[in-house]
Amino acid sequence: MRSRRPGRAFVLSSPSGGGKTTVVQRLRRALPTLARSVSVTTRAPRPGERRGREYRFVSPAAFHRLRRAGALLEQARVHDAWYGTPRRPLLQALARGRDAVLSIDVQGARQVRRALGTRAVLIFLVPPSMASLRQRLVRRRTDSPAAIRRRLAQARRELACAAWYDYRVVNDRLARAVRDVAAIIQRKG
Ligand code: 5GP
């Protein structure tokens, strides 16, 4: 028999460089029925990113039109760009009983909690240390030294928010972090 329980929205946050993208990729391989919310953003695509896959890349004007039309479940300004979660695809997936993963920042997490209540499960991916975070941002080679400094300052502020998440998972070993997050998702809601 098919379960009628509505799906849950698993919100995954971590400071940038915290390894969230890789964890989400592996997670979806481990749990193929998990839907991924594709955000809209005003930031420019990075090398290797494809339109509609990592993000829907839009102009600031288009972003604010979506926002005014109520098409975004949450939105936030992060590192000089706007990001938002399209409301309809997520709510449709949940109504069909599918669980979804949202890779969004702490401001967005608060708004999703407010909008979805206990159907939202908040998971904070904690980097093992600030030094490892810096190392990952440097290795990624997508940010200037000034941008890295800004992201690290932001990371310190975000880490303080881990306290009000439902779960904290330390991302020191990738395979273990993926297993821990998958176990949280597979727990009965
Ligand atoms: P990046 O530009 O490195 O892909 O993402 C920067 C930050 O924006 C990350 O913390 C990421 O989780 C967050 N982010 C991505 N999409 C969304 C979204 O739709 N809403 C919110 N609030 N944050 C997002």
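The sections below set out a description of the structure shown in this document. Here the structure is a predicted model, which means the values were calculated and not measured.

A word on the site of the ligand. The full set close to the ligand counts 16 residues, and Lys20, Ser39, Arg43, Tyr55 and Tyr83 are the nearest of them. Contact between the ligand and Lys20: an oxygen atom at 2.7 Å from a side-chain N or O atom of the residue. Here an oxygen atom of the ligand sits 2.6 Å away from a polar atom, N or O, in the side chain of Tyr55. Contact with the protein chains hides 95% of the accessible area of the ligand, taken as 510 Å² for the molecule alone. Here the residues of the shell around the ligand are counted per class, giving five nonpolar, five polar and six charged.

On to the nonpolar core, then. Among the nonpolar cores identified, the biggest contains 21 residues, and Val11, Leu90, Leu102, Val112 and Leu116 are the most heavily contacted of them. Going through the elements one at a time, β1 (9–13), α3 (87–95), β7 (100–103), α4 (106–116) and β8 (120–126) are the ones with two or more residues in this core. Counting 18 residues, the second-largest nonpolar core is a separate cluster that includes Leu125, Val178, Ile184 and Ile185.

To continue, consider the packing of aromatic side chains. Aromatic rings considered in pairs are described by the distance between their centres and by the relative angle of their planes. A complete count under the given rule lists five aromatic pairs for this structure. Here the aromatic cluster, defined as three or more aromatic residues joined through ring pairs, consists of Tyr55, Phe57 and Tyr83.

Glancing now at the packing of helix α5 (residues 130–140) against helix α6 (residues 145–159). Close contact between α5 and α6 brings their axes to 11 Å; oriented N to C, the two are set at 145°. In terms of crossing hand, the pair formed by α5 and α6 is right-handed. Residue-level inspection shows Met130, Leu133, Arg134, Leu137, Val138 and Arg140 of α5 in contact with α6, the latter providing Ile148, Arg151, Leu152, Ala155, Arg156 and Leu159. Of the residues in the contact of α5 with α6, the class split is eight nonpolar, no polar and four charged.

Okay, the sheet that holds strand β2 (residues 35–36) next. Spatially, β2-β7-β1-β8-β9 is the arrangement adopted by the five strands of the open sheet, whose pairing is parallel. Each end of this open sheet is capped by a strand with a single partner; those strands are β2 and β9 (167–170). Where β8 lies against β9, four bridges are found, and the strand directions are parallel. From the neighbouring strand, Val126 faces β9, where its bridge partner is Val170.

Now for the pairing of strand β5 (residues 72–78). Extensive coverage of β5 is indicated by the burial of five of its seven residues. The loop that links β5 with its antiparallel partner strand β6 (residues 81–86) comprises two residues; one of these, His79, has a positive phi angle of about 45°.

On to the sheet that holds β6, then. One open sheet accounts for four strands, arranged β4-β3-β6-β5; its pairing is mixed. Where the open sheet ends on each side, the last strands, each with one partner, are β4 (56–57) and β5. Taken strand by strand, α3 contacts β5 and β6, and its axis lies near 35° from that of β6.

Moving on, we come to unusual backbone geometry. Not every positive phi belongs to a glycine, and His79 is a case in point at roughly 45°. Here His79 is to be found in the loop between β5 and β6. The class for His79 is partly exposed, based on a relative accessible area of 23%. Its identity is not glycine, yet Arg141 carries a phi of approximately 55°, on the positive side. Within the secondary structure layout, Arg141 lies in the loop between α5 and α6.

Conventions adopted
- Residues numbered from 1 in each chain as written.
- Predicted model: local features only at pLDDT ≥ 70, side-chain atom pairs only at ≥ 80, totals over all residues.
- Heavy atoms only, no water.
- Near = heavy atom within 4 Å.
- Polar contact = N/O pair within 3.5 Å; in protein donor to acceptor, adjacent residues only side chain to side chain.
- Areas by Shrake-Rupley, 256 points an atom, 1.4 Å probe, with all protein chains shown as cover.
- Nonpolar A, V, L, I, M, F, W, Y, C, P; charged D, E, K, R; others polar.
- Core = buried A, V, L, I, M, F, W, Y, C linked by side-chain atoms within 4.5 Å.
- Buried < 20%, exposed > 50% of the residue type's maximum accessible area, 1.4 Å probe, protein only.
- Helix = DSSP H or I, 4+ residues; strand = E, 2+ residues; numbered from the N terminus.
- Phe/Tyr/Trp six-rings, centres within 6.5 Å; stacked < 30°, edge-to-face > 60°.
- Axes fitted to C-alpha atoms, helices over the stretch in contact; angles between N-to-C directions.
- Left-handed = near helix turned anticlockwise from the far one by under 90°.
- Contact = heavy atoms within 4.5 Å.
- Pairing = 2+ DSSP bridges.

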